[in-house]
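Letter by letter, the chains look like this.
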Amino acid sequence: MYFVVVTLLLLILPVVSAMTEAFRSPQTVDLVILAGRWFVFWAVGIRLFIAGARQVIQPRFTAEEIFGIHDPGSHAIVREVGFANLSMGTLGVCTIFRSDWIVPAALAGGLYYGFAGLGHVFKKSKNAKEYMAMISDGFAFFVLAAFLAKRLS
């Protein structure tokens, strides 16, 4: 289920949303900006909000299934990470109402994904879910960086 949700939120839903908007208003289409806008909403907003909620409510999943840590003492730290994810996710979700928040959300989310991806790279033994997290974090970082480069140029 984890793999399906990540694929939906980082690839399928942003592409479908951008294509739908492009077909509805083709005269105002800059595909990079449009794709970036929807990627921020889905990947930063919805994905991080869902991840944060799950980390706060059920920290065991992140601790055990992603990082392989079976110490219940880690749950407090996972909850703290969850609050950070909820914060960034809320910012990303709000971009649907406030387009002037897209760049700040892309910057915060992109930095988070970049640093989180690096954290996974340097861990020696990884399970399948951590490999997926590493790859998806790196993908999100590069998509957000490309969007910011285009948007700020």
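What you see is a predicted model, and the numbers here were worked out from it, not measured in a lab.

**A word on the overall build of the protein chain**
The helix and strand inventory of the protein chain stands at 6 helices and 0 strands. Along the protein chain, from the amino end to the carboxyl end, the secondary structure elements read α-α-α-α-α-α. Against the compact-globule benchmark of 15 Å for 153 residues, the protein chain has a radius of gyration of 16 Å, which places it among compact chains. Along the first, second and third principal axes, the C-alpha set of the protein chain runs to 55 × 30 × 25 Å. Burial statistics for the protein chain: of 153 residues in total, 39% are counted as buried. Within the protein chain, contacts between residues at least 6 apart in sequence are counted, and of these 73% link residues at least 24 apart. A total accessible area of about 8,500 Å² is found for the protein chain, and carbon and sulfur atoms account for 73% of it. Of the side chains in the protein chain, 13 bear a positive and 9 a negative charge, and the two mean positions are spaced by 3 Å.

**Quick notes on helix 3 (residues 59–66)**
Every buried residue of helix 3 is accounted for by Pro 59, Phe 61, Thr 62, Ala 63 and Ile 66. Next to the buried residues of helix 3 lie helix 1 (2–24), helix 2 (31–57), helix 4 (75–94), helix 5 (102–121) and helix 6 (128–151).

**Overview of helix 6**
Taking 1.5 Å per residue as the helical rise, helix 6 with its 24 residues ought to reach 34 Å, and the 34 Å between its terminal C-alpha atoms agrees with that figure. Along its buried surface, helix 6 packs onto helix 1, helix 2, helix 3 and helix 5. Between the side-chain oxygen of the N-cap and the backbone nitrogen of Lys 129 there are 3.1 Å, and the N-cap of helix 6 in question is Asn 127.

**What about the packing of helix 2 against helix 6?**
Contact pair helix 2 / helix 6: the axes reach a minimum separation of 10 Å and the direction vectors enclose 140°. Taken together, helix 2 and helix 6 sit at an angle that is classed as oblique. In terms of crossing hand, the pair formed by helix 2 and helix 6 is left-handed. Along the contact surface, helix 2 presents Val 32, Ile 33, Gly 36, Arg 37, Phe 39, Val 40, Val 44 and Arg 47, while helix 6 presents Ser 136, Asp 137, Phe 139, Ala 140, Val 143, Leu 144, Phe 147, Lys 150 and Arg 151. For the contact of helix 2 with helix 6, the residue count by class is 10 nonpolar, 2 polar and 5 charged.

**Regarding the pattern of salt bridges**
Applying the stated criterion to the full structure yields 8 salt bridges. In this structure, the salt-bridge partner of Arg 60 is Glu 64, at a minimum N-O distance of 3.2 Å. Here the residue Arg 60 and the residue Glu 64 both occupy positions in helix 3, the gap between them amounting to 4 residues, near one helical turn. Using a relative accessible area of 32% as the deciding quantity, one classes Arg 60 as partly exposed. Three or more residues joined by partner-sharing salt bridges are found here, namely Arg 60, Glu 64, Glu 65 and Lys 129.

**Quick word on the confidence of the model for the protein chain**
In this model, the protein chain carries a mean pLDDT of 94, and residues with pLDDT of at least 70 account for 99%. The least confident element of the protein chain is helix 3, whose mean pLDDT is 92; the most confident is helix 4, at 97.

Criteria and cut-off values
- Residues numbered from 1 in each chain as written.
- Predicted model: local features only at pLDDT ≥ 70, side-chain atom pairs only at ≥ 80, totals over all residues.
- Heavy atoms only, no water.
- Helix = DSSP H or I, 4+ residues; strand = E, 2+ residues; numbered from the N terminus.
- Rg over C-alpha atoms; globule rule 2.2 N^0.38 Å.
- Buried < 20%, exposed > 50% of the residue type's maximum accessible area, 1.4 Å probe, protein only.
- Contact = heavy atoms within 4.5 Å.
- Areas by Shrake-Rupley, 256 points an atom, 1.4 Å probe, with all protein chains shown as cover.
- Lys, Arg positive; Asp, Glu negative; His and termini not counted.
- Charge placed at Lys NZ, Arg CZ, Asp CG, Glu CD.
- Expected span 1.5 Å × (residues − 1).
- Polar contact = N/O pair within 3.5 Å; in protein donor to acceptor, adjacent residues only side chain to side chain.
- Axes fitted to C-alpha atoms, helices over the stretch in contact; angles between N-to-C directions.
- Parallel < 35°, antiparallel > 145°, perpendicular 65-115°, else oblique.
- Left-handed = near helix turned anticlockwise from the far one by under 90°.
- Nonpolar A, V, L, I, M, F, W, Y, C, P; charged D, E, K, R; others polar.
- Salt bridge = Lys/Arg side-chain N within 4 Å of Asp/Glu carboxyl O.
- pLDDT = per-residue confidence, 0-100.

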